[in-house]
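Working through the structure, step by step
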Amino acid sequence: MLAVHLISFFFSKLQEDPTKKVDRFLHAMRLHDDQLIDISARFQAEMKKGLSAESSAAATVKMLPTHVRSTPDGSEKGQFLALDLGGSKFKVLQVKVREGMGVRKGGVEMEEKIYPMSKELLNGRAPELFDHVSESLKDFLHVKNISLDKKHPLAFTFSFPCEQTRLDKGLLLSWSKNCRARGLQGKDVVQALREAIDRTGGMDIEVLAMVNDTVATMMTCGFDDQYCDVGLIIGTGTNACYMEELRHVDLVEGDEGRMCVNTEWGGFGDDGALNDYITEFDQDVDATSINPGKQIFEKMVSGMYLGELVRLVVLKMAKLGQLFDGLVPDSLRTKGKITTAHVAAMEEYKNGLKNTRDILVELGLNPSQDDCIAVQHVSTIVSFRSSNLVAAGLAAILTRIKHNRHLRALRITVGVDGTVYKTHPQYPKRLHKVVRRLLPECQVRFVLSDSGSSKGAALVTAVAQRLASRKRQVDETLAPFKLSQEQLQLVKATMRAGLEAGLKNKGPSAVKMLPSYVYHTPDGTERGKYLALDLGGTNFRAMLVKFKKGLQNNTRLYHKIYTVPLEIMQGTGEELFDHLAQYVSDFLDYMGMKKAHLPAGFTFSFPCEQTAIDTGILVSWTKGFKATDCEGHDVVNLLREAIKRRNEYDLDIVAVVNDTVGTMMSCAYEDPQCEVGLIAGTGSNACYMEELKNIEKISSETSKMCINTEWGGLGDDGSLDDIITPFDAEVDHNSVNPGKQRFEKLTSGMYLGEIVREVLLDLTRGGLLFRGRVTETLKTPGIFQTKYLSQIESDRLALLQVRSILQHLGLDSTCDDSIIVKEVCGAVSRRAAELCGAGMAAVVDKIRENRGLDHLNITVGVDGALYKLHPHFSGVLQETTRVLAPQCNVTFLPSEEGSGKGAALITAVARQKRDR
């Protein structure tokens, strides 16, 4: 008996709790986190589908490019007109944006006037409609005392479906909202407005942008918050937009920066993707709509449908006798009798139950307290599902942004507008809570748009105007780096004249044309073991090279690298060369060859004057070396004396070698046509095999000799002044050798980063970069190394990684800043490659003419980090050479072993000649 009473008591308690009854009835609408994560994943897949050119046509989430490429950065300023055309009336506004001020500081001021639209205009001919719009615009200018003589930028909010192909062009897909003006469908709406303005006359209007209201919401909030990269509308309709990486937007050319994408997410589920989440009430709403089967997600979420969903649920519960004792009045059977405003009222914190009762009484019902609680709970579940679905879609967008930017955590702001979000008392809190629960690693801030789309449209125009102005100024700054074909031909001619002058024994020449005393390139008969020693900076490299008889391409190499301490670099010459001798001793021990008497080649990459192949007088130290008692002395003798002091081993130093010559010899061993050497790295230089009859400095019985051009000095006589920019002049002025090595300072890795830094400094001071903030980092010489150019210009490097490089340098950059930095790097490095190409064209053309050939086939051996590591330098160099020397077929062969192997080959060739 007790058990029966307990069961009766239990069921009576269930009946007393009407929310439990509703929960069971609407269990399909109560979505758990696992389900939301699943929906979010499905939405991400649709986003990807919509962005792809191959699948976008079939995508339900359209992902429409808006051609808005930047959110406000606070530097926008000026006065703008805004025109909002969306139905039976339209607004004309003046928006004033003060520089450096946000909305909360009074940075944006607006004045507006509403103009009515007659049905005759809305359903007549499109030209007449736009004439009325244009005449109203002119009236607004007159009423507000706005000058008709000045040019006024205008933003156009046009709330009808359009396909935008650029920011100021949109093709009307179809009219809606009772507007049926003839003759515009499929045509450019902006052009129609421009033509109407021309017909009205008396105004100078520049229509810069046409925008969607969701985008305008993001832009409005973005004016005050630099982290606002998402716009969200939850009102009568629902939609979202966000800043997508441009490289993912297939339907738009370009891959740098970002573009706002209008997701048009209301269509999510039109292909059946949400069928397992759709209830019978959703099906009823869809079936009685004006567009069955379309905008499924919107019908589950937006204010146009929430009230109707609640009505259908309450109607069915009443029919089943679970509400109102089964009473079903005609009013409850009537579509639209419960609105979204009613839903919001029923969920008010204090007055919700009272409001629910009042609404039900208006419908002709006499509800009990339990009925009111149940109906209020129905409203809660329907609106809670809406916020859950919006949270799932938003989580998909934020997850994509986080992945795009390769971030573990994301700080971002979402700009929001719409009547549901603004007027429903519980909706914002629920949405925020669920988003943060789905994405705990993200710091998401929601900002309410405090004014409609007109201000956002004006801000789009302000941003477009700012970016266009900045682009013009950046282009003007970089224009001197963009050399014409005529200028490159002139550089080639100047280099040719420098080569000729340097060969003559008549006074100093900017291009030194130093004899190397290397008379032959390898012929493949070289054999034996040779030691190659290489001092070119802070590292000393010892190498053993073995050439096998009859096997031209079979060379064995062994090497060891030693670091020269700073105190040795800047101590006495005797200490330095004793250290080098010690390194050689260690290497011979390492190879087990201490007792061998090996021929050696010494690559010494400092300015030397050679009088024989085994003699090199040091002219001056560079690269941080300051060892005393070396300048003016023969470096070969200094090394020989140091070896003699150790008295452990003996070397036959046959040749002292310049690294450019060593590179040519190294590549000539692989390719007999290699008769030119090129270094494009920290320094810039070239050498080539010159006819001995042209070298007035040398008399010899042989026919050719390799000449080390030392072409870096071209321009020291002022011959390049026409192409030298103020940035080059500043770099030269701050160098250790002002007025010297002018060509090298335009082309070599030692200086390119510094040129870029000077340009970035100038652009920042002009307010075009880094928000105009000149940091101590940016003012530090040498901070922008040339390796950063190679990294930044990599085609595979996303702009986020460019920003990471800049942030590593202490430069807080935006996406737009990164684009400009990449453009600056490209201009500086491209000019360097073109100048090297012009120089190389002069060299190979001279060789061709020396030999009296109509056409020359020749190979250039190349070494240097700039050529090998920069993503575009080698291609630009090769193309420039081809264009400027069309009668020469030039093959560029990168040196695998650099100048060390070349030094060994020079030693082998010289020894063969000496031993004959």
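Structure's up top.
Here is what the cut-offs are and how they apply
- Residues numbered from 1 in each chain as written.
- Predicted model: local features only at pLDDT ≥ 70, side-chain atom pairs only at ≥ 80, totals over all residues.
- Heavy atoms only, no water.
- Helix = DSSP H or I, 4+ residues; strand = E, 2+ residues; numbered from the N terminus.
- Rg over C-alpha atoms; globule rule 2.2 N^0.38 Å.
- Buried < 20%, exposed > 50% of the residue type's maximum accessible area, 1.4 Å probe, protein only.
- Contact = heavy atoms within 4.5 Å.
- Areas by Shrake-Rupley, 256 points an atom, 1.4 Å probe, with all protein chains shown as cover.
- Salt bridge = Lys/Arg side-chain N within 4 Å of Asp/Glu carboxyl O.
- Pairing = 2+ DSSP bridges.
- Axes fitted to C-alpha atoms, helices over the stretch in contact; angles between N-to-C directions.
- Expected span 1.5 Å × (residues − 1).
- Arc of directions from axis to C-beta.
- Polar contact = N/O pair within 3.5 Å; in protein donor to acceptor, adjacent residues only side chain to side chain.
- Core = buried A, V, L, I, M, F, W, Y, C linked by side-chain atoms within 4.5 Å.

1. Some thoughts on the overall build of the protein chain
Within the protein chain one finds 30 helices and 26 strands. For the protein chain, whose C-alpha radius of gyration is 39 Å, the value lies well above the compact-globule estimate of 29 Å for 916 residues. Summarising its shape, the C-alpha atoms of the protein chain cover approximately 120 × 85 × 50 Å along the three principal directions. For the protein chain, buried positions account for 56% of its 916 residues. Looking at the protein chain alone, contacts between residues at least 24 apart form 70% of all its contacts between residues at least 6 apart. With an accessible surface of roughly 39,100 Å², the protein chain has 49% of that area assigned to carbon and sulfur atoms.

2. Considering the environment of Leu246
Within the secondary structure layout, Leu246 lies in the loop between β10 (238-245) and β11 (258-262). Taking the C-alpha atoms as reference points, Leu246 and Cys260, separated by 14 residues in sequence, lie 8.8 Å from one another.

3. Section: the pattern of salt bridges
When the charged atoms of two side chains with opposite charge come close together, those side chains can pair. With the rule as written, the count across this model stands at 53 salt bridges. Of the charged contacts, one joins Asp614 and Arg640 as a salt bridge, the two residues approaching to 3.7 Å between their closest N and O atoms. In this pair, Asp614 is assigned in the loop between β19 (608-612) and β20 (615-618) and Arg640 in helix α20 (residues 635-646), connecting sequence segments 26 residues apart. In this structure, Lys745 and Asp732 form a salt bridge, with 2.7 Å as the shortest nitrogen-oxygen distance. Placement of Lys745 in helix α23 (residues 742-747) and of Asp732 in helix α22 (residues 726-733) is noted, with a sequence separation of 13 residues between them. A residue is classified by how much of its surface remains accessible, and Asp732, at 8% relative accessible area, is buried. Members of the salt-bridge network, linked through shared partners, are Lys492, Arg496, Glu500, Glu690, Asp845, Lys846, Arg848 and Glu849.

4. Topic: unusual backbone geometry
Trans is the prevailing form of peptide bonds, just as negative phi is the prevailing case for residues other than glycine. Of note in this structure, Glu710 is not a glycine but carries a positive phi near 50°. Within the secondary structure, Glu710 is located in the loop between β24 (704-708) and α22. You will see that Phe770, though not glycine, has its phi angle at about 50°, which is positive. Within the secondary structure layout, Phe770 lies in the loop between α24 (749-765) and α25 (786-792). Judged by its relative accessible area of 4%, Phe770 is buried.

5. Quick notes on the sheet that holds strand β16 (residues 539-547)
The strands making up a sheet are joined through hydrogen bonds of the backbone, oriented either antiparallel or parallel. With respect to topology, five strands assemble into an open sheet ordered β17-β16-β15-β18-β21, the strand pairing being mixed. The open sheet has two edge strands, β17 (555-563) and β21 (651-657), and neither has a second partner. Between one strand and the next, the sheet's axes are offset by a mean angle of 20°, whatever the strand orientation. As paired strands, β16 and β17 are joined by nine bridges and run antiparallel to one another. Bridged to Ala542 within β17 is Lys560. The strands touched by helix α19 (residues 573-591) within the sheet are β15 (528-535), β16, β17, β18 (598-604) and β21, with β17 carrying the most contacts at an inclination of about 135°. Strand contacts of α20: β15, β18 and β21, with the helix running at about 155° to β21, the strand carrying the most contacts.

6. Observations concerning α20
Relative to the 16 Å expected for 12 residues at 1.5 Å per residue, α20 spans 17 Å between its end C-alpha atoms, a close match to the ideal helical length. Within α20 the residues assigned to the buried category are Val635, Val636, Leu638, Leu639, Ala642 and Ile643. Looking straight down α20, one finds that the buried residues subtend no more than 165° of arc, so they occupy a single side. Residues of α20 that are buried make contact with β15, α19, β18, β20 and β21. At the N-terminal end of α20, a side-chain oxygen is found 3.0 Å from the backbone nitrogen of Val636, two or three residues along, and the residue is Asp634. Within two residues after α20, Asn647 carries a phi angle of roughly 55°, on the positive side.

7. Description of the nonpolar core
In this structure, Phe784 and Met840 are the most contacted members of the largest nonpolar core, which totals 110 residues. At 17 residues, helix α27 (residues 815-850) tops the list of elements feeding residues into this core. In contact with Met840, not counting residues within four places along its chain, are Val676, Leu678, Ala686, Trp711, Val860, Thr881 and Phe892. Formed by 52 residues, the second largest nonpolar core is a distinct cluster that contains Leu31, Phe268, Val414 and Leu439.

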